[in-house]
Amino acid sequence: MSTPHISAEMGDFAKTVLMPGDPLRAKFIADTFLQDVRQVTGVRGMLGFTGTYEGRPISVMGSGMGMPSIGIYSYELFNFYGVENIRPHRFCWQLYREGQAVRHRAGHRRREREQLRPGAERLYWKHHPAQRSPERKLRASAAKQGIPLIEGNIHSSDVFYRQPSDAKPTYWEKLRDEDGCLCVEMESFALFANAQVLGKNAACLLTISDSFVAPGITTAEERQKSFTDMMKVALGAEY
């Protein structure tokens, strides 16, 4: 049984799917971390693989960029392939300068002065507020591996090239100062909407790749083959 965008058969996907945006990063994750890997889909070059991690079946598939793309793929995985959990790995743009005080809630605690910069693997995550299971399991996975996990508000926008404005405060400053957002990404809102409608689980892990407030940018190869901490946290969360 294939769908318009996925060529796999029922049973080809595990219950849990990791979804980076780049299909080549999906291949890197599969080749680096999974055993007994097989490719299960490749329509439009959007590669998907299934294998095992520490004896547990797990799949990894690219989602493309933006909400329409991840919306299509996540809906088809949830609705037609029996997938229960999707954990995307995304890159995001920072809204705070390195060393600037960041105040956000982590459960009932507050953390301050996290050091943020492009290329530094500082993990952010969020989940649908009605879903508590992904929260506990991601926290447990990060703690077990000694990987820092920062929790806070993240803004989802489907606009990459936003035109500059003379308005003060700027759009990004309002997100940061008024809404308490730590960074910006482009996909998770659509994923969470699908998870809510279909009664599934979703959580999003993020790493800073670019910045609105500081110099520095990561290369395409760095985004494809580095930032492995968020891969390890997602893989280590047992479902």
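**Q** I'm lost on the packing of helix H1 (residues 23-33) against helix H7 (residues 228-236) in this one. Help?
**A** Two numbers describe a pair of packed helices, the interaxial angle and the distance between the axes. Here H1 crosses H7 at 65 degrees, and the two axes come no closer than 12 Å. Our classification of the angle between H1 and H7 gives roughly perpendicular. By crossing handedness, the relation of H1 to H7 is classed as right-handed. For the pair H1 and H7, the contacting residues are Arg25, Phe28, Ile29 and Phe33 in the first and Thr228, Met230, Met231, Lys232 and Leu235 in the second. Taken together, the residues of the contact of H1 with H7 sort by class into 6 nonpolar, 1 polar and 2 charged.

**Q** Explain the pairing of strand E12 (residues 201-211) to me, please; I cannot follow it from the model alone.
**A** Burial analysis of E12 places 10 of its 11 residues in the buried class, which makes it a mostly covered element. Summarising the sheet, strand E5 (residues 85-94) and E12 pair through 8 bridges and their orientation is parallel. Across the sheet, residue histidine 89 finds its bridge partner in E12, namely leucine 205.

**Q** What exactly am I supposed to notice about the side chain of glutamate 187 here?
**A** Its place among the elements puts glutamate 187 in the loop between strand E11 (181-185) and helix H5 (188-198). Relative accessible area serves as the criterion here: at 6%, glutamate 187 is assigned to the buried category. A polar atom in the side chain of glutamate 187 sits 2.8 Å from the backbone nitrogen of glycine 66. Residue contacts for glutamate 187: discarding those within four places in its chain leaves Gly64, Met65, Gly66, Met67, Ile70 and Arg90.

**Q** Help me out: how do you make sense of the nonpolar core in this one?
**A** In globular proteins that are soluble, nonpolar side chains generally tend to be buried together. Core analysis: the largest hydrophobic core is formed by 29 residues, its most contacted members being Ile6, Phe13, Val17, Met61, Leu77, Val83 and Ile86. Where this core is concerned, the elements lending two or more residues are strand E1 (16-20), helix H2 (67-80), E5, E11, H5 and E12. Leaving out residues up to four positions away in the same chain, valine 17 has contacts with Ser59, Val60, Met61, Leu77, Val83, Asn85, Ile86 and Arg87. Of all hydrophobic cores here, the second largest spans 26 residues; its members include Phe28, Phe33, Ala203 and Val233.

**Q** Which parts of the structure should I look at to understand H1?
**A** What sets the pattern is the α-helix's 3.6 residues per turn: residues three or four places apart point alike. Listed as buried for H1 are Pro23, Arg25, Ala26, Phe28, Ile29, Ala30 and Phe33. Near the N-terminus of H1, the side chain that reaches the backbone nitrogen of leucine 24, with its oxygen 2.8 Å away, is that of aspartate 22.

**Q** Is there a simple way to think about the environment of alanine 8 in this case?
**A** Along the chain, alanine 8 falls in the segment before E1. Counting along the chain gives 35 residues from alanine 8 to valine 43, while the straight-line C-alpha distance between them is 9.4 Å. Those residues in contact with alanine 8, other than ones at most four positions away along the chain, are Met1, Ser2, Phe13, Val40, Thr41 and Tyr81.

Thresholds applied
- Residues numbered from 1 in each chain as written.
- Predicted model: local features only at pLDDT ≥ 70, side-chain atom pairs only at ≥ 80, totals over all residues.
- Heavy atoms only, no water.
- Axes fitted to C-alpha atoms, helices over the stretch in contact; angles between N-to-C directions.
- Helix = DSSP H or I, 4+ residues; strand = E, 2+ residues; numbered from the N terminus.
- Parallel < 35°, antiparallel > 145°, perpendicular 65-115°, else oblique.
- Left-handed = near helix turned anticlockwise from the far one by under 90°.
- Contact = heavy atoms within 4.5 Å.
- Nonpolar A, V, L, I, M, F, W, Y, C, P; charged D, E, K, R; others polar.
- Buried < 20%, exposed > 50% of the residue type's maximum accessible area, 1.4 Å probe, protein only.
- Pairing = 2+ DSSP bridges.
- Polar contact = N/O pair within 3.5 Å; in protein donor to acceptor, adjacent residues only side chain to side chain.
- Core = buried A, V, L, I, M, F, W, Y, C linked by side-chain atoms within 4.5 Å.

Keep in mind these numbers describe shape, not what the thing actually does.
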